[in-house]
Amino acid sequence: MDIINQILQGDIRATARLMRDLDEGEPRAREVLKELYQYTGRAHIVGLTGSPGVGKSTLTDRLIQQLRQQGQTVGVVAVDPTSPFSGGAILGDRIRMQRHATDEGVFIRSLATRGHFGGLTASARAVINVLDAMGKDFVLVETVGVGQDEVEIAGAAHTTIVVTVPGMGDDIQAIKAGILEIGDIFVINKADREGADRTFQDLVTMIEMRQPHQAEDGWRPRVLKTEAPKSLGVPELLAVILDHRDYLRREGGRNLARLMAPRLRGELVDLILQSLREKILPRILAEASLEQTLADISARKTDPYTVSEAFVARLFNTVVSG
Ligand SMILES: Nc1nc2c(ncn2[C@@H]2O[C@H](COP(=O)(O)OP(=O)(O)O)[C@@H](O)[C@H]2O)c(=O)[nH]1
Ligand SMILES: [Mg+2]
């Protein structure tokens, strides 16, 4: 297929076209994804997550700049309705981001949080795979740290960066409630603001309390301060990202394999469920007696629990008996 070669060679127009087709659920695009999969698994995927306004997009912009200076190619997936990458931010920010738009080594793709064929998580994973197959050395994924989809998308990253700002008590609570588990690196951005050192200490203490007896070969989450608009702390952040990548890749990629195994399983189960849904939903809607059944439920002559169980039982009988 010609389009496969175009994408492998990093052709921007072919890639943009594929991504549009994927969004619209074109069966052709799915065939292309199948072919491309064998070329994935090379990019290092970095997730940046955190509340709106903490500076994820600005940090992403500075990381792109830093990576480009080192000759690395970069793909970006922005799943953030307020992201300058999705055109949702104030004009100044948007203009700043666009300097990368003319750089052949950078491909930026924004995903709206709604209206994706097969769901947002599946779309984000597909886009990451395409950027990976394109040969991008790094894929940066920006997600707002709220909601189930965002947590799932963060699960696609090899290195997860949790971004917060000084003095955000709520954020620290959220971190306690679970984000501490997913962060490989914690960034306190807006370090120019008061309370940065305090927040830094709080985070370090929390991480130490959580992992007092860290295994010798384990990764100890790192905490950094940044001031993104001035790129302060950004070279250090990139150095820690590279450290984490080395940690995952050493000894033949043992740690990476351990990280990815449950995720691959989850992704496969999701895809199977999605295929089932696509196959079965039309049959449910085509049930000749659906309207009558709904009327019966409404009149309390039967109940939705019994009806759904009976439907599934009938469906499985048909499948089993061919
Ligand atoms: N003072 C200060 N402002 C920042 C810093 N980083 C980002 N900002 C500003 O914070 C606002 C939100 O940044 P943005 O990157 O869009 O945040 P996002 O919603 O997390 O993607 C913008 O106006 C940025 O210019 C920082 O380190 N210090
Ligand atoms: Mg943003």
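Each chain has its residues counted from 1, running along the sequence as written. Lettering for chains starts from A, numbering for ligands starts from 1, and both go in the order in which the items are written. pLDDT decides what is reported in this predicted model: residues at 70 or higher carry local features, side-chain atom pairs at 80 or more are listed and counted, and totals for whole chains, interfaces and linings draw on all residues regardless. The side-chain numbers reported here are obtained from all heavy atoms of the structure, hydrogens and water having been left aside.

A look at the site of ligand 1
Quick note on the threshold: For this description, a residue counts as near a given molecule or strand if any of its non-hydrogen atoms is within 4 Å of it. Two N or O atoms form a polar contact when they lie within 3.5 Å of each other; inside protein one atom must be a possible hydrogen donor and the other a possible acceptor, and for residues adjacent in sequence the pair counts only when both atoms belong to side chains. The protein chains shown are the only cover counted for residues, whose accessible areas, like all others here, come from Shrake-Rupley with a 1.4 Å probe. Strands here are runs of E lasting at least two residues and helices are runs of H or I lasting at least four, both read from the DSSP assignment and numbered beginning at the N terminus. Side-chain classes are defined by residue name, with Ala, Val, Leu, Ile, Met, Phe, Trp, Tyr, Cys and Pro counting as nonpolar, Asp, Glu, Lys and Arg as charged, and the others, Gly among them, as polar.
By nearness alone, 18 residues border ligand 1, and G53, K56, S57, T58 and D192 come closest of all. Within the side chain of K56, an N or O atom sits 2.7 Å from an oxygen atom of ligand 1. Interatomic distance of 2.6 Å between a side-chain N/O atom of T58 and an oxygen atom of ligand 1. Taken by itself ligand 1 offers 590 Å² of open surface, and the protein chains cover 78% of this. Top element by residues in the shell around ligand 1 is helix α4 (residues 56-69). It accounts for 3 residues. Of the residues in the shell around ligand 1, the class split is 4 nonpolar, 7 polar and 7 charged.

Examining unusual backbone geometry
The criterion, for reference: Any residue under 20% of the maximum accessible area for its type is buried, any over 50% is exposed, and the rest in between are partly exposed; the area is computed with a 1.4 Å probe on protein chains only.
In this structure, E251 is a non-glycine residue whose phi angle is positive, near 50°. Here E251 shows up in helix α10 (residues 234-286). Take E251: its relative accessible area is 51%, and that puts it in the exposed class. In this structure, R300 takes a positive phi of about 60° despite not being glycine.

Considering the nonpolar core
Going by this rule: Residues belong to a common nonpolar core when they are buried Ala, Val, Leu, Ile, Met, Phe, Trp, Tyr or Cys residues joined through side-chain atoms within 4.5 Å. Should any heavy atoms of two residues lie within 4.5 Å, those residues are counted as being in contact.
Within the largest apolar cluster, 30 residues are counted, with the highest numbers of intra-cluster contacts made by I7, L18, L36, V77, L131 and V139. Taken together, the elements giving at least two residues each to this core come down to α1 (2-8), α2 (12-23), α3 (27-37), β2 (74-79), α6 (120-133) and β4 (138-144). No other element matches α6, which puts 8 residues into this core. Ignoring any residue separated from it by four or fewer positions in sequence, one finds I7 in contact with A14, T15, L18, V32, L36, V130 and M134.

Looking at the packing of α2 against α3
Where we set the bar: Every angle, taken between N-to-C directions, lies between 0 and 180 degrees, and every axis is a line fitted to C-alpha atoms, over only the stretch in contact when it is a helix. Here roughly perpendicular refers to angles of 65 to 115 degrees, roughly parallel to angles under 35, roughly antiparallel to angles over 145, and oblique to all remaining angles. Crossings are classed by handedness, with left-handed meaning an anticlockwise turn of the near helix from the far one by less than a right angle and right-handed meaning a clockwise turn.
Put simply, α2 and α3 touch, their axes get as near as 8 Å, and they point 120° apart. Comparing the axis directions of α2 and α3 gives the class oblique. As for the relative orientation of α2 and α3, their crossing is left-handed in sense. Packed against α2, whose contacting residues are L18, D21 and L22, the element α3 presents R28, A29, R30, V32, L33 and L36 at the interface. Split into classes, the residues belonging to the contact of α2 with α3 amount to 6 nonpolar, no polar and 3 charged.

Digging into α2
Each α-helix winds once per 3.6 residues, and so residues spaced three or four apart point in a common direction. The test is simple: The span one expects for a helix is its residue count, reduced by one, times 1.5 Å. Directions from the helix axis toward the C-beta atoms define the arc.
Taking 1.5 Å as the rise per residue, α2 with 12 residues should run 16 Å; its terminal C-alpha atoms sit 17 Å apart, in good agreement. Where α2 is concerned, the buried positions are A14, T15, L18, M19, D21 and L22. Buried residues of α2, seen end-on, are gathered within an arc of 160° and therefore sit on one face of the element. Contacts from the buried residues of α2 go to α1, α3, β3 (106-110) and α6. Capping the start of α2, D11 holds a side-chain oxygen 3.0 Å from the backbone nitrogen of R13, two or three residues further along. At the exit of α2 stands G25, carrying a positive phi of roughly 70°.

A word on a nonpolar patch on the surface
Put simply, the rule is: Patch membership requires over 30% relative accessible area and the absence of a salt bridge. Like charges are linked within 9 Å, and nonpolar side chains (Val, Leu, Ile, Met, Phe, Trp, Tyr) within 5 Å. The salt bridge definition used is simple: a Lys or Arg side-chain nitrogen within 4 Å of an Asp or Glu carboxyl oxygen.
Where nonpolar side chains cluster on the molecular surface, the patch consists of L268, V269, I272, L273 and L276 and spans about 450 Å² of accessible area. Position of L276 among the secondary structure elements: in helix α10. For L276, a relative accessible area of 42% puts it in the partly exposed group.

Topic: the sheet that holds β3
To summarise the sheet geometry, strands pair through backbone hydrogen bonds and adopt either a parallel or an antiparallel arrangement. Inclusion rule: One requirement defines pairing of two strands: DSSP has to find at least two bridges between them.
Pairing is parallel in the open sheet, where 7 strands are placed in the order β3-β2-β4-β1-β5-β6-β7. The sheet terminates laterally at β3 and β7 (222-225), the two strands that pair on one side only. Neighbouring strand axes in the sheet, compared pairwise and without regard to direction, differ in orientation by 20° on average. Where β2 meets β3, 5 bridges bridge the pair, whose relative direction is parallel. Counted as the bridge partner of A78 is S110 from β3. Across the sheet, α4 lies against β1 (44-50), β2, β3, β4, β5 (159-164) and β6 (185-188), angled at about 175° from β4, the strand it touches most.

A look at the side chain of N189
When you line up the elements, N189 lands in the loop between β6 and α9 (196-210). A distance of 2.9 Å separates the side chain of N189 from the backbone oxygen of V54, its partner in a polar contact. Those residues in contact with N189, other than ones at most four positions away along the chain, are V54, G55, L59, V163, T164, V165, P166, T226, E227 and A228.

Digging into the side chain of T15
Here T15 is to be found in helix α2. Taking the relative accessible area as the measure of exposure, T15 reaches 0% and is therefore buried. In terms of polar contacts, T15 uses its side chain to reach the backbone carbonyl oxygen of D11, at 2.6 Å. Excluding its chain neighbours within four sequence positions, the residues that come into contact with T15 are I7, F107, V130 and M134.

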